[in-house]
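# Working through the structure, step by step
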Amino acid sequence: MNLENKKLVVANFKMNLASKTEKDYWLSNFIKAEKKSEATKNALILCPPAIFLDEFVKNINSKTTSFGAQNCFWEDKGSFTGEISPEMIKSLGGEFVILGHSERKRFLKETNEMINSKTKRVLKSGLSPIICVGENAEEKRNDQGLEIILNQLNSILEGINRGLINKIILCYEPVWAISANKPDHLPTINEIMGAKLLIKKFLVEEYGVNIAKRVKIIYGGSADSKNINQVCLEPEMDGVLVGKASLIPNELIKIVTSLN
Ligand code: 13P
């Protein structure tokens, strides 16, 4: 899908839709809700658990929706028990892969070096990585947020072919604002803009204005249809990465149409 001039809504289902029944229920409600919804020029990218990707691609209208995975490995095939490769995702119709989500760093000890290897392989396969960067609660308390984001960008993008940088989508994910971490507040418009400007400046310095202006920067952390102005429209982000709110089809569609 060509993303130019579009705002993105990336639905990260995480390890939800936890049974065949729940997945069928979500799919049938989404298909009904989508038929009734107003047309949008924005892009909805659904990243279900990989085990359901094939079924999502087959059942959902791909004129308005694209698909992706929540993770992948840094090789295309071989003896890597339990892993899935970019080529597998691509062969099922996926175009995007979320990489470096804070939950994978926290629970699976993913490092920036691993995310760098995954990013290279994803780009080699012709898919677009959606790379998460952002500070956790402790780093925020210590006022280290911007420094952490810069370190992550430097390590994760190291050695990436300049000609492929514009295929990358960057997500500012303040870990303390993720719904599962029970945030007591959301970032302010200024905080989101601060992170966005830092990322833009990094991209301009490393790759020049022409490449930098083509990289989409989105926001992730407790986004929903009520706060979409604060987290996306007013700080002029290119879209949102949505976790919990993706589980309610009507809410997800409301977020997409709010960006019209
Ligand atoms: P929530 O929307 O559930 O906070 O999840 C978002 C997220 O994980 C951002 O990366």
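Every value quoted in this text rests on a predicted model; they were computed, and no experiment measured them.

## Digging into the site of the ligand
Lining the immediate surroundings of the ligand are K14, H101, E173, I178, S179, G220, G221, S222, L241, V242, G243 and K244. Within the contact set of the ligand, an oxygen atom lies 2.7 Å away from a side-chain nitrogen or oxygen of E173. Put simply, the ligand lies in the largest cavity. In the shell around the ligand, the residues fall into three nonpolar, six polar and three charged.

## Observations concerning helix α11 (residues 249–258)
Burial analysis of α11 places seven of its 10 residues in the buried class, the great majority of the element. Taken together, the buried residues of α11 touch β1 (8–12), α1 (20–36), β2 (43–47), α10 (228–233) and β8 (239–242).

## Looking at empty space enclosed by the protein
Within the structure shown, the criterion is met by one cavity of 30 Å³ or more. Around the largest cavity, the lining is made up of 14 residues, and of these K14, G220, G221, L241 and G243 lie nearest the centre. When the residues that make up the lining of the largest cavity are grouped by side-chain class, the tally is four nonpolar, seven polar and three charged.

## Concerning the packing of helix α5 (residues 112–124) against helix α7 (residues 145–156)
Put simply, α5 and α7 touch, their axes get as near as 8 Å, and they point 45° apart. With respect to α7, the axis of α5 lies oblique. Judged by the sense of rotation from one axis to the other, the crossing of α5 with α7 is right-handed. Within the contact between the two elements, α5 uses N112, I115, N116 and T119 and α7 uses Q152, S155 and I156. In terms of residue class, the contact of α5 with α7 is built from two nonpolar, five polar and no charged.

## Here's the deal with the sheet that holds β2
One closed barrel accounts for eight strands, arranged β1-β2-β3-β4-β5-β6-β7-β8; its pairing is parallel. Averaged over neighbouring strand pairs, the angle between their axes works out to 25° when direction is ignored. One ladder, built from two bridges, connects strand β7 (residues 216–220) with β8; its direction is parallel. Within β8, the residue paired with G220 across the bridge is L241.

Quick notes on the rules
Residues numbered from 1 in each chain as written. Predicted model: local features only at pLDDT ≥ 70, side-chain atom pairs only at ≥ 80, totals over all residues. Heavy atoms only, no water. Near = heavy atom within 4 Å. Polar contact = N/O pair within 3.5 Å; in protein donor to acceptor, adjacent residues only side chain to side chain. 1 Å grid on protein atoms, 1.4 Å probe; cavity = no way out; pocket = protein on both sides within 12 Å on 5 of 7 lines; lining within 4 Å. Sits in = over half its atoms within 2 Å of the grid points. Nonpolar A, V, L, I, M, F, W, Y, C, P; charged D, E, K, R; others polar. Buried < 20%, exposed > 50% of the residue type's maximum accessible area, 1.4 Å probe, protein only. Helix = DSSP H or I, 4+ residues; strand = E, 2+ residues; numbered from the N terminus. Contact = heavy atoms within 4.5 Å. Points joined across faces, edges and corners; volume = space filled by probe spheres on them. Axes fitted to C-alpha atoms, helices over the stretch in contact; angles between N-to-C directions. Parallel < 35°, antiparallel > 145°, perpendicular 65-115°, else oblique. Left-handed = near helix turned anticlockwise from the far one by under 90°. Pairing = 2+ DSSP bridges.

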